Structures are given as structure tokens and as C-alpha cells.
Amino acid sequence: MADEALFQFLHNEVIQYVYKSAENGEMENGRCVSKLEHLGFRVGQGLIERFTKDTSRFKDELDVMKFICKDYWTSVFKKQIDNLRTNHQGIYVLQDNKFRLLTQLSSGKQYLEHAPKYSCPVVFGVRLWPGARGTLQPGCEEHRHR
Amino acid sequence: MAVCVAVIAKENYPLYIRSVPTQNELKFHYTVHTSLDVVEEKVSAVGKALADQRELYLGLLYPTEDYKVYGYVTNSKVKFVIVVDSSNTSLRDNEIRSMFRKLHNSFTDVMCNPFYNPGDAIQSRAFDSVVSGMMVQAC
């Protein structure tokens, strides 16, 4: 599966590049994170448009979440979401136990603070639906979409 | 053959609207605008009506004395509206569906174009030519 490695390397380099090329004043998370988020958001929009072209209409939020957990996640990360929880009031928690973009980082706690940088793009691209917002927490790998 | 084709964004402003130039374009803009209400109604009614209606194609939105208006909604809430001449009775449902299909495919290509900012007006020439192919040829 050479193409997977290619994408991972490119992905990691893009993130490193954005952080390195930021001026000193911007080294705090602010600008870099939002640049990467925007990048991922835009890529995700195109992906979503292509994937939903042939699916039937989504009737409610649950349909949207099912689509994200199964079809979208499988197409992008080659596996499904491991766990989906909701409080039935608009908050959904998606859990991926083996997030593909982070498996190359060490599995210990050493790089935990850098992990969010690497997951920003693409995951945030899925925020296409009206009002949906997401946050990301590595370590236990939880994503919340509202 | 369509007389007017429009692409409306999720926030209900037009991304692309094109009509046959020989006619009063404002009239078509107005027709498309009023059809948005019918689209909203159809989309929100789906949940209460038959559970099987899960298509993106909405069908005939409403007929006026001169024109018929058809609608289609994508899963990202972008609406396509096609206005055809009522006198063109040979146009069948399948043909309208295939017109929408082509529009959707072309729109997806526009979305994937990295130089296109979502929310801007569509200026892609490829999209233009797809739309020209389905509009009435003005002589």
C-alpha cells in the first residue's frame, strides 16, 4: 500500500512546513492551527461533495452521523469509527481507537502535545453540515460534533 | 431544453443563474426565488410523508402558465432549479433527472477545484458549457 505511506509523509511534512514557516510571533497555536483547519476544511468539503453525490438524501442528524462514521471514515481512513455516543441533544462523540494519521507517532505519552497538530486537517473537513462544530482530543481520541 | 438554470447555495443566495437572453431575465430571477419556498417545503415535508422519498430529485415544484419549474437538492443543501417552457411537452421526467445529474456532476467538479472558494459565484467555463448544452439555443 505505497500510496498510504506517500500520503502520510506528505501530510506530516505539510504540517511541519506550516509550523516552521510561521513567524516567531505566530508560534503559539493560533494562526498555524487555523491555517491547517482551513486547509482540512476545504479538502473535506470537496471530498464530501463527491461522496454524497450518489447517496440518498439525509433525513436527519442520525443519517448524517452514520454517513460520517461509516462511509466517510472508511473512504478517508480505511476503517470505521469504533464508537459513537450521543446525548440525544445534539452532541455526538466519535471515537477512533487507531487513528490512522497518528499511528506513526509513538504510542507513549511523549508526543501527546504535538498530536493535535497532525489530526487537524481532514477531520475538520467534515464540518460541512450546517451548525456542525467539532473538537479533537488525542490520547483518548475523542471527537465531538455538535 | 431549459430556459433558465440556477444554482442556489445553502444560505439561499444564487451561486449561478443563467437564462435565455431573449427574455426578461428579471422574471426568471423572480421565479427561481419564489421556487425556493417550495423547495424548503418539500425538503422538510419528507420526514412526515412517505419514508421512501429519499431522492435528491424533488420533481416538479410548481407550474405557471408559461413555465414549469423543477428542483433538486444535494446533500450539502445546495439547490439546483431548472425552468422549462410549458409548451415543450415532449420533455420527460427522465430527461429532467439526467439534466440534474449532469449539473450535479459538474458542480462537484467545481467544488473540488482548489481555485474555487465555496460561496463565490461559479465562473468555471466547464460548468458554463455543461449548462449551455442543456439550454434552449438562442438564435
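Small disclaimer: the values here were computed from a predicted structure and weren't measured.

## Brief notes about the sheet that holds strand S1 (residues 2–8) of chain B
Residue and element names in this part refer to chain B.
Reasoning step 1: Strand order in the open sheet made by the five strands is S2-S1-S5-S4-S3, with antiparallel pairing throughout. Each of the sheet's edge strands pairs with one partner strand only, and the pair in question is strand S2 (14–19) and strand S3 (57–63). The average undirected angle you get between the axes of adjacent strands in this sheet is 15 degrees.
Reasoning step 2: Relative to strand S5 (residues 79–85), strand S4 (residues 67–73) runs antiparallel, the two being bridged by seven bridges. Bridge pairing in S5 links Gly71 to Val81.
Reasoning step 3: Along the sheet face, helix H2 (residues 93–112) touches S1, S2, S3, S4 and S5 and points at about 140 degrees away from the line of S5.
Reasoning step 4: Relative to the sheet, helix H3 (residues 125–134) contacts S1, S2 and S5, its axis offset from that of S2 by approximately 40 degrees.

## Quick notes on the side chain of B:Ser76
Residues and elements named next belong to chain B.
Reasoning step 1: In this fold, Ser76 is placed in the loop between S4 and S5.
Reasoning step 2: Owing to a relative accessible area of 8%, Ser76 belongs among the buried residues under this scheme.
Reasoning step 3: A polar side-chain atom of Ser76 sits 3.1 Å from a polar atom in the side chain of Thr74.

## A few points about the interface of chain A and chain B
Reasoning step 1: Across the contact, 17 residues belong to chain A and 23 residues belong to chain B.
Reasoning step 2: Interface area, chain A with chain B, both sides summed: about 2000 Å², of which 46% is carbon and sulfur.
Reasoning step 3: Inspection of the chain A/chain B interface yields two salt bridges.
Reasoning step 4: Among the elements that line the side of chain A that touches chain B, the one with the most residues is helix H2 (residues 29–52) of chain A, at six residues.

## Considerations on the pairing of S4(B)
Residue and element names in this part refer to chain B.
Reasoning step 1: Where burial is concerned, most of S4 is hidden: six out of the seven residues are buried.
Reasoning step 2: Inspection of the sheet shows S3 paired to S4 by five bridges, in the antiparallel sense. Its bridge partner being in S4, Tyr57 is matched across the sheet by Tyr72.

Thresholds, definitions, all that
- The residue numbering used here restarts from 1 in each chain and proceeds along that chain's sequence as written.
- Here the convention is simple: chains get letters from A, ligands get numbers from 1, in the order in which they are written.
- With the structure being a predicted model, the display of local features is reserved for residues of pLDDT at least 70 and the display and counting of side-chain atom pairs for 80 or more, all residues being used for whole-chain, interface and lining totals.
- Side-chain figures throughout are based on the complete set of non-hydrogen atoms in the structure, without hydrogens or water.
- Pairing between two strands is assigned when DSSP locates at least 2 bridges connecting them.
- Only DSSP runs of H or I covering at least 4 residues are called helices, and only runs of E covering at least 2 are called strands; the numbering of each starts at the N terminus.
- To obtain an axis, a line is fitted to C-alpha atoms, over the contacting stretch when the element is a helix, and the angle between two such axes runs from 0 to 180 degrees between their N-to-C directions.
- Contact definition: two residues touch when any of their heavy atoms are within 4.5 Å.
- We call a residue buried when its accessible area falls under 20% of the maximum for its residue type, exposed when it is over 50%, and partly exposed in between, using a 1.4 Å probe and counting protein chains only.
- Any pair of N or O atoms that falls within 3.5 Å is considered a polar contact. Within protein, one atom must be able to donate a hydrogen and the other to accept it, and sequence-neighbouring residues count only if both atoms are side-chain atoms.
- Values labelled buried area give the accessible surface lost by two parts on being combined, using a 1.4 Å probe and summing over both.
- Within this document, salt bridges are pairs made up of a side-chain nitrogen of Lys or Arg and a carboxyl oxygen of Asp or Glu, the two lying within 4 Å of each other.

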